[in-house]
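Chain and residue survey
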Number of protein chains: 2
Amino acid sequence: MTPKIASFLASQPATPCLVLDLDRVAENFARLRAALPAAAIYYAVKANPAPQILRLLAEAGSCFDAASLPEIEASLEAGAQPEAISFGNTVKKPSAIARAHAFGVPLYAFDSREELEKIAAHAPGAKIYCRLAVNNVGAEWPLSKKFGTTLEKAKELMLAARGLGLMPHGLSFHVGSQQTGTLAYELAIAEVAMLFTDLKNAGLPLQMLNLGGGFPTRYQEDVPEHDEFGTAIMDTMIRHFGNDLPDILIEPGRSMVGDAGVVAAEAVLVCRRMPQDERRWVYLDIGRFGGLAETEGEAIRYRITAGDGATGPVVLAGPSCDGVDVMYEKTPYRLPLGLKSGDTVLIHDTGAYVTSYASQNFNGFTPLAEHYI
Amino acid sequence: MTPKIASFLASQPATPCLVLDLDRVAENFARLRAALPAAAIYYAVKANPAPQILRLLAEAGSCFDAASLPEIEASLEAGAQPEAISFGNTVKKPSAIARAHAFGVPLYAFDSREELEKIAAHAPGAKIYCRLAVNNVGAEWPLSKKFGTTLEKAKELMLAARGLGLMPHGLSFHVGSQQTGTLAYELAIAEVAMLFTDLKNAGLPLQMLNLGGGFPTRYQEDVPEHDEFGTAIMDTMIRHFGNDLPDILIEPGRSMVGDAGVVAAEAVLVCRRMPQDERRWVYLDIGRFGGLAETEGEAIRYRITAGDGATGPVVLAGPSCDGVDVMYEKTPYRLPLGLKSGDTVLIHDTGAYVTSYASQNFNGFTPLAEHYI
């Protein structure tokens, strides 16, 4: 937790709320740029679309990866140039493609012939890139089944793109979110490089490789530093592409904002469910439907603190009447034995993928407040 | 789908949206009252908190089961009397208890000593009821681990309540949501009746038994009719309580509004993920984070239609870049072979537990529109 956040929390804001230190976002951007100077950074807006973050990144020279038309509009409002935006969702409504094209957004993702034809019809002449399905080994929030196509199909579609009046620009992949190792990047780059060569030999030299996102935030276990990813990625790129490096894009979201934010929550009830239980149940005023959606299957295991003192095991649950609104039942968590209703509980590194998941009013609870400081 | 909904949909409202026929809610209320005339109906506001529904039910004479202070406020605004409201969440902030008490809300749930003490401190003299953990056999959305206590602990807490200045009023249980059989009610009533007798012998006659919710909506498989639940419940009540029946409360939510609503969605992309796939992937403009949260683990399997014609197997996914935003991959679904991007897809019986789960802006998508007709 940064000193700025600690000082803000000392004023005891109403809970639940996210407090996010914008300086940390600026630092993360600078660090990532230093770690991969050859890459253009396209911030994954979906990680946290707060205007304060988008403005800061636009000023720092970031580009933007948008999942939808509203994310494109938010980026433009924050000062991004249309040329700095990539429409990265492979699933887009025709009306959204047409509007993005009218704004001047140049770059569109696809992974199927149907989507390619939609782009051709509604964004004629646009630059397109094809998303490949790759191994998500090492990811804590994997993505592979829903997106991406095969090398063979990608080749066929890229070769067809010119005939549809589009500019076949590059390829992309995604190694899965909260990717904790460099191996998946190395494997994916090796595969994609073969397709680059293949297409070049077929008369279609490509200009761009989009490495997607996935760079991790440190929750509880150590994860590689940005530098380590940067070195592994560039070594692999040079091994496979030599001096003929394509433009490199990356789409960090979590690694840009995750560790910049802390959620302050209140323990609403602390009790033992059955008299013989060793573990206490701690019910917070935020849960899976209040923003902590990535605790589904206990996939993302946030660091959680609640002051000092001897600790004992706990189950962590949300405030709603929904039985599945339980964050951690299998993962061992410990909180102070003196914890009681009304005490503050901090959920660390929650700057990414929390606020936007929050339900509009499940069980009558309004979304958490957001403070960008 | 009711004729009113069909006629509204013919006007092609922007998708995604919920269209809900209020007449059906009125019919469901009347049917449930007829099936269980001895029970007071406390509508579970969390199922759908739309003011139009709350007003209709308040006028029809329904009471309200509220999960939070905002749900209490919404019920009061819709015309409910404070006496007709139960604060049914066993996890409540002290400030919410105090405010509810100031409004005149008489009835509070609890299942732990800690909560009982909070109620005593902030709603002195209130009527309280203890929630028991019971078998959720037959429920498609079970709830048992997070809530409820043992018979033994309930007895101890009910006996302690008077000493805390509270009115020990009754007991409750919940057989799990989308409960498809009557057995769980029969087992639970048998258990609870023993505790009634036990407490009476200890000098504490109770007045009320809250049977909770759980009554199902027909999605794809047949479920028992309200009458069947009514008969099974009353037979069991009489068998165990004889002529000394307590006041009976029920908290229907899903069964009151589920089949009154239809979500109209758009197919954003229809494609085969891999060339050899027999199944097409159909990406809708609504997904797990746009309101279809109960498709988690494919627990609730909505009926889904998209016009006529020969059908083939499909996987159904949402529009976001999130890999877990897939509704049905294991459950066999079939949609017309001619289905294409831009076509309307209807998700039936979505009046309950959809709108309120919708995330405020995940991936930039705003919550679905709501039309109450």
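Residues numbered from 1 in each chain as written. Chains lettered and ligands numbered in written order. Predicted model: local features only at pLDDT ≥ 70, side-chain atom pairs only at ≥ 80, totals over all residues. Heavy atoms only, no water.

Per an unreviewed UniProt entry, the recorded name for chain A is ornithine decarboxylase, and the organism is Acidocella aminolytica 101 = DSM 11237. Note on chain A: under the UniProt heading Sequence similarities (unreviewed entry), the record states "Belongs to the Orn/Lys/Arg decarboxylase class-II family." Under the heading Catalytic activity (unreviewed entry), UniProt records this for chain A: "L-ornithine + H(+) = putrescine + CO2". (UniProt positions renumbered as here; feature names shortened; annotations may be inferred.)

**Focus: the environment of Leu245 of chain B**
Residues and elements named next belong to chain B. Positionally, Leu245 belongs in the loop between helix 9 (226-241) and strand 11 (247-250). Separated by 36 residues in the primary sequence, Leu245 and Leu209 have C-alpha atoms spaced 9.1 Å apart. Other than its neighbours up to four places away in sequence, Leu245 contacts Met234, Met237 and Ile238. (Helix = DSSP H or I, 4+ residues; strand = E, 2+ residues; numbered from the N terminus. Contact = heavy atoms within 4.5 Å.)

**Quick look at the domain arrangement of chain A**
Residue and element names in this part refer to chain A. Looking at chain A, the domain boundaries give domain 1 (49-252) and domain 2 (259-372). Facing 13 residues of domain 1, the contacting portion of domain 2 comprises 15 residues. A buried area of about 1200 Å², summed over both sides, lies between domain 1 and domain 2, and 57% of it is on carbon and sulfur atoms. Per-residue buried area on domain 1 facing domain 2 is highest for Trp141, Tyr219 and Gln220; these three make up 53% of the total on that side. Inspection of the region where domain 1 meets domain 2 yields one salt bridge. Its salt-bridge partner being Glu221, residue Arg301 comes within 4.0 Å of it at the nearest N-O pair. Our count for the domain 1 to domain 2 interface comes out at two residue pairs in polar contact (both at pLDDT 80 or more). Those elements that place two or more of their residues in the side of domain 1 that touches domain 2 are helix 3 (51-60), strand 7 (139-141) and strand 9 (177-179). Class assignment for the residues of the side of domain 1 that touches domain 2 results in five nonpolar, five polar and three charged. (Domains from an automatic or database assignment. Buried area = accessible area lost by both parts, 1.4 Å probe. Salt bridge = Lys/Arg side-chain N within 4 Å of Asp/Glu carboxyl O. Polar contact = N/O pair within 3.5 Å; in protein donor to acceptor, adjacent residues only side chain to side chain. Nonpolar A, V, L, I, M, F, W, Y, C, P; charged D, E, K, R; others polar.)

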